[in-house]
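Summary of the model geometry
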Amino acid sequence: MSHQKTSHLNPAGDLADGGEQAELHDPLASSFPMSPEGRLLFLIAIAFSTFQLLTAAHLWDMASQIVRAVHVGFLCLLGLPLVAAVRNEPKALRAVFWALGILGMAVAFYQWWEYKALIFRAGSPLLTDTVVGVVALVVLFVATWRIMGPALPIIAGLFLAYCLFGQHLPSPFVTRGYDFSQVIDHMAFGTEGIYGIPTYVSSSYIFLFILFGSFLERAGMIKLFTDVALGLVGGAKGGAAKVAVFSSGLMGTISGSGVANVVTTGQFTIPLMKRFGYRAEFAGGVEATASMGGQIMPPVMGAVAFIMAETLDVAYAEVVTAALIPAVLYFASVFWMVHLEAGKRNLLGLTKDELPSAWRALKTGWYLILPLAVLVWLLFAGYTPLYAGTIGLALTALLILGAPLAMRMPGLAIRIVFWIAIGVSAAAFFEYGILPIVVALAVLVAACAVFKGGRETLIAVRDALADGAKTALPVGIACAIVGIIVGTMTLTGVANTFGQFIVSVGDTSLFLSLVLTMITCLILGMGIPTIPNYIITSSIAGPALLALGVPLIVSHMFVFYFGILADLTPPVALACFAAAPIAKAPGLRISFEAIKVALAGFVIPFMAVYTPALMLQDGGPLAAEIGYILAVVYIVFKACLAIGLWGAAAIGYLIKPMPWWQRLMAAAAAFTLIAALPLTDEIGFALAAAVIGAHLLLGGRKDEGSGAKTASKPVDSRPDRRPGRSPAE
């Protein structure tokens, strides 16, 4: 954490240059306004985070339905006025959004007050219930439009209209017709509509993990990741781009928001890549691709992993296990692409004296890794995400608050004893629950309040609470409104119609069914974020792919991957347009470069469907033929070879420039290795051997590089938010 004086009006976590550029793509990118209204919104954000922490830690027990309702109420109360204030809209308009936000919270209090009565009259709502339900839906639609843009509310509105007027449509889409009050009751009350599983996951796991990431970022995790990445790969050929891939992958382990990663790590990595000779559009494409890959990097995975585990009713560790090899392959492929581009253009890395020491960075900030390590261990040990997230967040808070105290202690022995005491209080959670941690936190807060460095740490913690709530707004509001789409499917059964179509296509060709599902994901993803895209498409296509013999978790991962890649594909390509102002290059050109870099992301899901061993799942003809372990080894080797050949074909370089005929052969070899048809593997391996042999023996075109490109020493634009030495030193 930083010991520099900070203000909640300009949180330390914001990058100085990134705010204005990020606002082009995210109305909530800037900090809270410097006004009385901004201070009030800041307090509401802290109250929001406090409520979520109290309910997650069971310090305030209430029914899940009430927690979900209050969660959505806070989203409206904070989100609507905040967007208006950040945009500096006229006072009259801001007053309207304050009124709508208060109405949204009033709906939550109505659900709280009438909780038991609503249960008894479920299915037979009163007129008052219907009015409150309409208010809830109207406020939610307005809030989503303001925070997320028009695409998602329009899609949700079409589904809602289908519930109300579907009886007038032709077969097979005709419905039996539903009363207006029945539709409102289904959507605005109970757990089938806006308070369904997505909102449950948002109000428990997702919010907690967003706070976890916010606290770690405040503690200096971004700088630690960047220093480690620079130290490990910054000196390699094309090291600037490899730093971007490495640091974005590390950031994904705590963030999971692709666009947020672009505007966070991209502020440093994109200018660094440009200084070292990479084309502006390629630099933007690399950062966008690597940042979007953060959503498939365990343990957070863009919060979709929690929803997937809840939807499939499987352990969270199973979802993470299935994602592990594809995530590693994805980042390895991006790493390979930038390596080839660097070789083609003869781009060198930073010199040794310009590089930070990865070991020194770890030695200084090792304690920041502890909460993440504990979190991963708890998740794989079988604990629930809520339990693991609570422990991880508590441990992070103990470390942040304990660090300034440890630095004031006179000797190493005393500091070691102090940290052992902190560790014991954290471990006591397993035996005595949350109370020992609450007591320890209270003692640390009181101790920090009496000296300057401690008070600045408390300010950083306070700001992290507010920033976490603000960061949760788009995710939470998307989870709430997508409940309308899921609710439409449960009420009308429309998902079966589309599913039957996919199954009928799959009877002829599984590949065509997969392509149809991929196109659906990419089209939906043009206008809506990954989480609602996954929920909608998995609800429709997941059961259909299962009926075609695709393992359930693989079918859901297939949908999830293409929902992510939609943010890289034109014409929308949100992550690429977020990188555009930083790279100073057109968003569409960045998008085309990103697709080239992310080719593996398009390939891996198809390979996993035909050989589930790629996601460490049983099944598939290959596993039945040669055994599970050998199937995993074989498919990983084949995927690596295919990715390597795709990269060489796309970039036009392997160990030297490739002529056109070698690029065609490499592309053909990669395609045949991916295709799951008789003899395609054998043909693919033969073509691969031929093209590699020809490349080594015959040589390529004259080297395009005009000498190693170097640059002046890059300016360190990374934010420094942590002390210069370890608290245990």
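Since this is a predicted model, take the numbers as computed values, not measurements.

In the structure shown here, the tally under the stated rule is 11 salt bridges. R121 is the partner of D129 in a salt bridge, and the nearest nitrogen-oxygen pair spans 2.5 Å. Across the pair, exposure class does not vary: D129 and R121 are buried alike. One salt bridge in this structure joins E281 and R279, with 3.7 Å as the shortest N-O distance. For E281, a relative accessible area of 12% corresponds to the buried category. Since its relative accessible area comes to 21%, R279 is described here as partly exposed. Bridged by salt links that share partners, the residues R279, E281, E341, R589, E593 and K596 form one connected network.

A few words on a nonpolar patch on the surface. A cluster of nonpolar side chains, I655, W660, W661, L664, I692, L696, L697 and L698, forms an exposed patch at the surface whose accessible area comes to about 920 Å². Elements supplying a minimum of two residues to the nonpolar patch: α32 (660-674) and α33 (680-698). For I692, the location among the structural elements is in helix α33. Note on I692: relative accessible area 32%, which makes it partly exposed.

Moving on, we get to the confidence of the model for the protein chain. Caution applies to low-pLDDT parts of the model: their predicted coordinates are not meant to be read in detail. Looking at the protein chain, the pLDDT average stands at 80 and 86% of residues meet or exceed 70. Confidence drops under pLDDT 50 across residues 701-729; counting only partners more than four residues distant or on other chains, this segment forms 91 contacts.

Each aromatic ring pair is summarised here by two numbers: the centre-to-centre distance and the angle between the ring planes. By the definition in use, this model includes 19 aromatic pairs. Look at F562 and F602: their rings are 6.1 Å apart centre to centre, the planes differ by 55°, and that puts the pair in the tilted class. Here F562 is found in helix α26 (residues 552-565), whereas its partner F602 is found in helix α29 (residues 599-610), with 40 residues between them in sequence. Taking the relative accessible area as the measure of exposure, F562 reaches 0% and is therefore buried. Exposure remark for F602: the relative accessible area of 18% places this residue in the buried category. A ring pair is formed by Y634 and F685, whose centres lie 6.2 Å apart and whose planes are at 65°; its orientation type is edge-to-face. One end of the pair, Y634, is in helix α31 (residues 628-651); the other, F685, is in helix α33, with 51 residues separating them in the sequence. Note on Y634: relative accessible area 24%, which makes it partly exposed. The partly exposed category is assigned to F685, whose relative accessible area is 26%. Taken together, the ring pairs in this structure connect F48, F51, W60, F74, F109, W112 and F207 into an aromatic cluster. In this arrangement the basic side chain of K470 is found over the ring face of F32, its NZ or CZ atom lying 5.5 Å from the centre.

The rules behind the values
- Residues numbered from 1 in each chain as written.
- Predicted model: local features only at pLDDT ≥ 70, side-chain atom pairs only at ≥ 80, totals over all residues.
- Heavy atoms only, no water.
- Salt bridge = Lys/Arg side-chain N within 4 Å of Asp/Glu carboxyl O.
- Buried < 20%, exposed > 50% of the residue type's maximum accessible area, 1.4 Å probe, protein only.
- Patch = residues over 30% accessible without salt bridge, like charges linked within 9 Å, V, L, I, M, F, W, Y side chains within 5 Å.
- Areas by Shrake-Rupley, 256 points an atom, 1.4 Å probe, with all protein chains shown as cover.
- Helix = DSSP H or I, 4+ residues; strand = E, 2+ residues; numbered from the N terminus.
- pLDDT = per-residue confidence, 0-100.
- Contact = heavy atoms within 4.5 Å.
- Phe/Tyr/Trp six-rings, centres within 6.5 Å; stacked < 30°, edge-to-face > 60°.
- Lys NZ or Arg CZ within 6 Å of the ring centre and 35° of its normal.

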